[in-house]
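Take a look at the letters that make up each chain.
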Amino acid sequence: MIAKKLVLAGVIAAVALGGTAVVLDQASQPAKAPPAAVNGTGPVDSSVPQPSGTGTAAAPGSGTESPSAAVAPPDAGVTPSQGPSDPAGRRIQEVLPPASDAPTGLPMPSPPAALIRTPLPAPASAQGKVVDGFPANVVTFPDRTAVVSTSVSSEDRTLQASAVGIVDLTPLQTIGHFQQSLLALGFQSESVSSGDGRSVRLSRGTDTVTVAITTTGTGSTRFTLLATLHA
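Quantities reported herein were computed from a predicted structural model and do not represent experimental measurements.

Caption draft 1: Region of the structure containing the overall build of the protein. Helix and strand content of the protein: three helices and seven strands. Ordered by position from N to C terminus, the α and β elements of the protein give α-α-β-β-β-α-β-β-β-β. Counting only residues that meet the buried cut, the protein has 19% of its 231 residues in that class. Looking at the protein alone, contacts between residues at least 24 apart form 45% of all its contacts between residues at least 6 apart.

Structure representation (structure tokens):
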């Protein structure tokens, strides 16, 4: 009995010594190198977060950039301008309205009302008085005018009247009389020098009255008048 216990104790001791020898043998061997890197990359450490995606970084100095670095994604808040579109997404072509013709100027004013009426008088003349048919409602003489001669002539709707008279007024007073009476009817005046005297031309539409002034040897004023009026 005692002999069996001694044999069992020897076996246990031998197993223990063998396990100790295996541990010491593994400790004495050099540490194995980690697996070689694949495609130039080192071992992946599970404790370090890795970037997502399948692209690989370019090698330094290779001159090639990764696709993600070469093309930047468009800004989600910016939409390229493509013009207006309908609800279906189709582009709508804008059509500008036709350009209108530019105005060429102000409209012509309407002619003023006629100062004489038809029928017009037959041609006639008189010495020392006012001839029949003379437009006295348009052309009036200064007071105390000595009428030398008057005449009228007509063609279609145009009447011409002439008069020569002498008045004891200054040239300026004589001109002022014709200007005042004709301006009241809507004529416009334009003074013009004429020879040794003065002349004035007054117009109203197509109607005109011209008066020339000279001074006589006695100091009086002589006027010569020509009126063209339209019915």
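Moving on from the model shown.
Caption draft 2: Local environment of the side chain of Thr221. In this fold, Thr221 is placed in strand β7 (residues 221–230). Residue classification places Thr221 among the buried residues on the basis of a relative accessible area of 0%. Polar side-chain contacts of Thr221 include one of 2.4 Å to the backbone oxygen of Leu169. When sequence neighbours within four positions are dropped, the list of residues in contact with Thr221 reads Gly165, Ile166, Val167, Leu169, Thr170, Pro171, Thr174, Ile213 and Thr214.

Caption draft 3: The arrangement of the environment of Leu172 in detail. Within the secondary structure layout, Leu172 lies in helix α3 (residues 171–183). Between the C-alpha atom of Leu172 and that of Arg198, which follows or precedes it by 26 residues, the distance is 8.9 Å.

Caption draft 4: Representation of the pairing of β7 within the structure. With 10 bridges connecting them, strand β3 (residues 158–167) and β7 associate as antiparallel partners. Residue Val164 lies in a different strand from β7, and its bridge partner there is Thr224. Where strand β6 (residues 207–215) and β7 come together, eight bridges link them in antiparallel fashion. Among the inter-strand pairings, Ile213 is bridged to a residue of β7, identified as Phe223. Hairpin geometry of β6 and β7 is characterised by an intervening segment of five residues between the two adjacent antiparallel strands and by a positive phi of about 95 degrees at Gly219.

Caption draft 5: Highlighting the packing of aromatic side chains. Scanning the model with the defined rule gives three aromatic pairs in all. For the pair Phe178 and Phe223, a centre-to-centre distance of 5.2 Å together with 65 degrees between the ring planes defines the contact as edge-to-face. Separated by 45 residues along the polypeptide, Phe178 in helix α3 and Phe223 in strand β7 bring together distant segments of the chain. Linked through ring pairs, Phe134, Phe141, Phe178 and Phe223 together constitute an aromatic cluster.

Caption draft 6: Focus on the confidence of the model for the protein. This prediction gives the protein a mean pLDDT of 74; 52% of its residues lie at or above 70. Segment residues 33–42 is flagged for pLDDT under 50; beyond a separation of four residues in sequence, or across chains, it makes one contact in the model. Taken together, the stretch residues 51–70 has pLDDT below 50 and engages in three contacts with residues farther than four places along the chain or on a different chain.

Caption draft 7: Just the pairing of β3, in detail. Bridge count for strand β2 (residues 146–155) against β3 is nine bridges, and the pairing is antiparallel. The residue of β3 that forms the bridge with Ser151 is Ser162.

Caption draft 8: Representation of the nonpolar core in the model. In this structure, Phe134, Val139, Val209 and Val211 are the most contacted members of the largest nonpolar core, which totals 25 residues. Counting residues per element, the ones that place at least two in this core are β3, α3, β5 (197–204), β6 and β7. It is β7 that provides the largest number of residues to this core, a total of four residues. Every residue in contact with Val211, bar those within four places of it in the chain, is listed here: Ile175, Phe178, Arg198, Ser199, Val200, Phe223, Thr224 and Leu225.

Caption draft 9: Representation of the side chain of Thr145. Topologically, Thr145 is positioned in the loop between β1 (124–127) and β2. Judged by its relative accessible area of 18%, Thr145 falls in the buried class. Among the polar contacts made by the side chain of Thr145, one reaches the main-chain carbonyl oxygen of Pro142 at a distance of 2.5 Å. Those residues within four positions of Thr145 in sequence are excluded, and the remaining contacts are Gly165, Ile166, Val167 and Phe223.

Caption draft 10: Main features of the environment of Leu202. On the secondary structure map, Leu202 appears in strand β5. With relative accessibility at 0%, the residue Leu202 sits in the buried group. With 25 residues separating them in the primary sequence, Leu202 and Ala227 have C-alpha atoms 9.4 Å apart. Setting aside chain neighbours within four positions, we find Leu202 in contact with Phe178, Gln179, Leu182, Leu183, Phe187, Gln188, Ser189, Asp207, Thr208 and Val209.

Criteria and cut-off values
- Residues numbered from 1 in each chain as written.
- Predicted model: local features only at pLDDT ≥ 70, side-chain atom pairs only at ≥ 80, totals over all residues.
- Heavy atoms only, no water.
- Helix = DSSP H or I, 4+ residues; strand = E, 2+ residues; numbered from the N terminus.
- Buried < 20%, exposed > 50% of the residue type's maximum accessible area, 1.4 Å probe, protein only.
- Contact = heavy atoms within 4.5 Å.
- Polar contact = N/O pair within 3.5 Å; in protein donor to acceptor, adjacent residues only side chain to side chain.
- Pairing = 2+ DSSP bridges.
- Phe/Tyr/Trp six-rings, centres within 6.5 Å; stacked < 30°, edge-to-face > 60°.
- pLDDT = per-residue confidence, 0-100.
- Core = buried A, V, L, I, M, F, W, Y, C linked by side-chain atoms within 4.5 Å.

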